[in-house]
Structures are given as C-alpha cells and as structure tokens.
Amino acid sequence: MQDTLLRVFVVGLGLLMCPRDDPGVEEWDDIVNKDMQRHEELPPREEEKLDQEMPPTSENETSEKSIAEWERDYLWYIWNTFSVISMIRFCWKYLNRNSQTTQVAASPVTCAADKVELPDIGTLHDFYAKYVQESSQKKWRKDEFLEGFANDLLDAMRTICGRNSSMVIEDFQMLSACNIIVPLTPPKPFSFHIQLCNHKGRDFSNMPVCGQIKLLENKKTQDCHCQNSDADEDMVCLLHSDHNENIRTEITEVCDGFLCSKNTPFLSKSLVSRWFQSTIKQAWRLISHKYEFELNIHYIDAPGALVIRFKSGKKITFSMNPVVTFNNDAYFFITPLSSSDLDTFWRLSLTSYEDHLLEHLSKRLPENACHIQALEIARFLHKRQTAMTGSSALKDFHFKTALMHLLLTTDPRHWNANCVDSRLRDLLSFIERSLEKKVLKHILIGNPLTEVIELPVELIRAKPVNLFHPLVVHNCMYRNAMTHFQEMLRNAYMMVDDYCHTRRALSS
C-alpha cells in the first residue's frame, strides 16, 4: 500500500512539474506509448503459457487465477514505468531551469558609466543653457508666487497659534523650488534641548543622522514678595534694589507636554504632523476668500505636502514642512512613513552646510567651471528616468554628495568648461562604484576636510555615515536602484536628444 501511494505521489509530481505543453516532453510520451503497446501484446502469450502448464482439473478456477496474476503483474509494470518516466521528467525540468538561471546570471547586460554614450560638448552646453537654466528661471517665478502665498498663510497660522498659546511659528525659509521650511519654537518659559542619537540598539537605516528634541521649562524661583509677577511696580524693597537679584532659574523636563510623546518629554513627529496640518486647514479657512484656487493636502503622511489647484486645471505642488533648528544652519525635520517606535527621532538636515561647502569648493575652480552643469545634467537624467520607470532609493542629494567628493579629491584644473562630458562621466562613474559597494559617505559627518565651514564639533568628530546603508539592509532596494541607474545610463543620449527635439518643435 505504501509503495502504491509513493508511486502515485511521484507520478502526480512529475505531471505537475512537467506539463503536457513543455517542449522536450513529447519524446517521453512516445516511449510510454511503445511500452504500453508492448504490455498489451504480453497477456495473450502469458495466458497460453499458463494454459499449457496448469492441469485441466479445474478449468474455471485456473482461468480466474491466471487472470488475477496477469492483472497484478500488468499493474506492477504500469506503475513502475510511470514512476521512472515521472522521475526522469522531474529531473529533466529541474536541470533545464538551473541551466537557464545560470545563463541569465552569468551574462548580465550592463552599461559602464565611464563609457556611456553622451551628446557632444556643444550639444551639452546648448542643452544646459537653453533648457536647464530656462527651467530654473520659470521655477524662480513660481517661487516668487509661492513666497507671497506662504507669507499670507503663515500669518494666519500665527494668529491661530496666538489664540491657543501653542507653538511659535518663526519666519519661513525657501530652500529650493517649492520647498519651504517653517521653524517652530515653544512659547516662553519653555525651550527645546537637542540630543543627537548614537544609533545603538535601533534601526536608523532611513535616517543617517537623527536626534531627539526634549521640551524643557525654565522655572524661576523667587524668595521675596517684591519679585512676584503680580507685585506693584511702585513697590520699594529695602533688601533688593535690583529686581533681577536673587532670582534662581530651575530647568526641568516637561513630561507629557504639548505635542510630546506619551510619558516622555520628547517631541512627537506624529503629533506635530497632525497639529501642523490642522493649523494649515484653519488658516486656509481664514484667507481662502482672497484667492481663486483650492488648497489641499497632497500627501497625508507628510505634514506640509500641499497642492494648489487652479480653475484652469493647472496645479502647483509644494511642501511647507515644520522643522526645529539646530545650531542656526541645521534643522531637524519629519520623514514620512517612519515606524512608530521612532516617533521621537527626527532626521537632521545639513543642507545649508553642504551649500556652504560647495560654494567654498567652487572658488578654487577655473572661471566658468563645468561642475554645476555636470550636476544638473545628471539630475535631469535621473528625473527623466524616474518619470519613465518610477522612483528608487537613488535621490538627487546622492548626486550632489558625489560631486562634492570629486571636487575634494580631483585637480581643480580638470573642471574647465570644455570638460563637461568627461566630468559628467566621472560623476556617473562615482555613483556607479558607490552603488556596487553600497557605500556613499556623508560629505560632512566625520570628514575632517570640511572643517572650513565651521560644522559643529560633535558632527566632525562623529563616525562617518553611509548614505547607502538602506541598500545594505534591504536587498530589494539595492536591486531596484541598480536597475534604475543602468536604465538611466542606457537612455542618457536618447533622453537629452529627444528633450531637445521636443522643445524645439514646441517653440517653433
């Protein structure tokens, strides 16, 4: 019984793994048909042999026995034949699959960045001057509109915050096209204290540098009635000629404070996001009558992802994000889709320091250097590829970081205007090597070469941060980024050339 069940299982497995329409299976079917024909011819001869050997005493009984033995032998032959054929089919299919996988893995189609096909230098210069810079001028006009609107919206938000004594909204800053940051500070007598994170015991793969923001309260302790807040201004104290004398300040943590995580003094990203979005909605209700367009929240998981929709159908997407400043030029911001156990950990942005470093390095380069052209063309290729195949772990700031690494380590004379194609290939090659190694170090943190921009000491002395650490942790992100970059290299010439032809056709 067990042998029969095993054979049935093997036959069924063979039929499932090797369907009828699988190429190479027909030859085995021919073998089965011939074997079946051979066994169909066998019973008459076996029956004749049995008739000759058995005595004629019990003819009916002898006939029944011979038929039963023949059926048993016949089934035995059939089961064994099918079992062997099924096993052969299974092994054949398995070997074919392995050989195909090996062939695909052994011969990947790649495009080397240092040999990528690019338009000639004149076309690259013309492309940058006419299309990249022209787009920047259009963005400047859009930013001018957004600056006026953001100023009006934030004034309304300050009015709402003044009513309920919540957070204080400072003057906003426009970092880039459609990117506005809004610094937040607590009202007096509260203050923020920053604690940089040491990355121990938690997964900060999506936040290379982060920290916690602790809410503190400055309490003043007073020993004399003349220093009470409700004391008469005309009161004269014989002990204290100066009202500030003998006033002690005690700094305490505010557990469960406004917008703080439960049972902690640390600012919660989720609570700040909900409060900020609610304040935007209330402010828009106050000023919406002055505008002939709609304002909506574009992305619910990001606190200030907004979209303006005009009646004509056009729309402007921009971000207005709440931040907490650190050391004047740096700030902590909210990353969308972060896990709940990281709700009190804010990501640190050093964009202003990076801009200062790029400006400092640019002073060493020849006049009309091509470094910005190479960076903007690489960003253009990345943006166009993203529009075609979707986003990946590779972002714009990775190209900027790679450029600054090159500027720190190469001869400044190599960046003259006639070398834009070579330097663009160098930039793409640097990104390619970094992706292969899954290592791209932060340009500022742990880099002593950047001391010229007066970065906070604790960041200079910190361990270097790998911006490609998410690719180490998540292999699917790595494969997606590599595929995205390889497609971008293959399409580089086509994307620049097609874009130029399309723009010329539209202008004519």
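Below: a short report on this structure.

Each value, and the rule that gives it
Numbers given for residues are sequential positions, taken from 1 along each chain in its written order. Predicted model: local features are reported for residues with pLDDT of at least 70 only, side-chain atom pairs are reported and counted for 80 or more only, and whole-chain, interface and lining totals are derived from all residues. For the side-chain quantities, the full set of heavy atoms in the structure was used; hydrogens and water were omitted. Put simply, a salt bridge is a Lys or Arg side-chain nitrogen that is within 4 Å of an Asp or Glu carboxyl oxygen. Here a strand is any run of E in DSSP of at least two residues, a helix any run of H or I of at least four, and the numbering for each starts at the N terminus. By the convention used here, residues are in contact when the closest approach between their heavy atoms is within 4.5 Å. Think of it in three bands: with a 1.4 Å probe and only protein chains considered, a residue is buried below 20% of the maximum accessible area for its type, exposed above 50%, and partly exposed in between. The span expected for a helix works out to 1.5 Å for each residue beyond the first. Here a Phe, Tyr or Trp ring, Trp counted by its six-membered ring, pairs with any other such ring whose centre lies within 6.5 Å, and the pair is stacked when the planes are under 30 degrees apart, edge-to-face when over 60, and tilted otherwise. A ring is scored as having a charge over it whenever the NZ atom of a lysine or the CZ atom of an arginine sits within 6 Å of its centre and within 35 degrees of its normal.

## Things to note about the pattern of salt bridges
Working definition: two side chains of opposite charge can pair if their charged atoms are close together. In total, this model carries 11 salt bridges according to the counting rule given. For D152, the salt bridge goes to K290, with nearest N and O atoms at 2.8 Å. Of this pair, D152 sits in helix 4 (residues 121-164) while K290 sits in the loop between helix 5 (269-287) and strand 7 (293-297), and the two are 138 residues apart along the sequence. Across the salt bridge formed by D426 and R423, the nearest N and O atoms sit 2.8 Å from each other. Of this pair, D426 and R423 both sit in helix 9 (residues 420-437), 3 residues apart, roughly one helical turn.

## Looking at the side chain of T279
Assignment of secondary structure puts T279 in helix 5. Beyond its immediate sequence surroundings of up to four residues, T279 is in contact with M157, I160 and C161.

## Quick word on unusual backbone geometry
A cis amide bond links K188 with the next residue in sequence, P189, at an omega value of 10°. The topology assignment puts P189 in the loop between strand 3 (179-185) and strand 4 (190-196). The phi angle at D256 is positive, at roughly 60°, despite the residue not being glycine. Structurally, the position occupied by D256 is in the loop between strand 6 (248-253) and helix 5. Located in the positive-phi region is N368, a residue other than glycine, with phi close to 60°. Within the secondary structure, N368 sits in the loop between helix 6 (351-362) and helix 7 (371-389). Residue class for N368 comes out exposed when judged on its relative accessible area of 58%.

## Focus: helix 9
Across its 18 residues, helix 9 extends 26 Å between first and last C-alpha, which sits within 8% of the 26 Å expected from 1.5 Å per residue. Residues of helix 9 that are buried: V420, D421, R423, L424, L427, L428, S429, F430, I431, E432, S434 and L435. K438 sits one or two residues past helix 9 and shows a positive phi near 60°.

## Overview of the packing of aromatic side chains
Summed over all chains, the structure comprises 15 aromatic pairs. Centre to centre, the rings of W284 and F293 are 5.8 Å apart; their planes meet at 15°, and the pair counts as stacked. Accessibility classification places W284 together with F293 in one group, the buried group. Relative to F310, the ring of F293 has its centre 5.5 Å away and its plane inclined at 65°; by these criteria the two rings are edge-to-face. In this pair, F293 sits in strand 7 while F310 sits in strand 8 (residues 305-310), placing the two residues 17 residues apart along the sequence. F310 gets classed as partly exposed once you look at its relative accessible area, which sits at 28%. Put simply, the rings of F145, F149, W284, Y291, F293, F310 and F318 pair up and form one aromatic cluster. Here the basic side chain of K438 rests over the ring of Y478, its NZ or CZ set 4.3 Å away from the ring centre.

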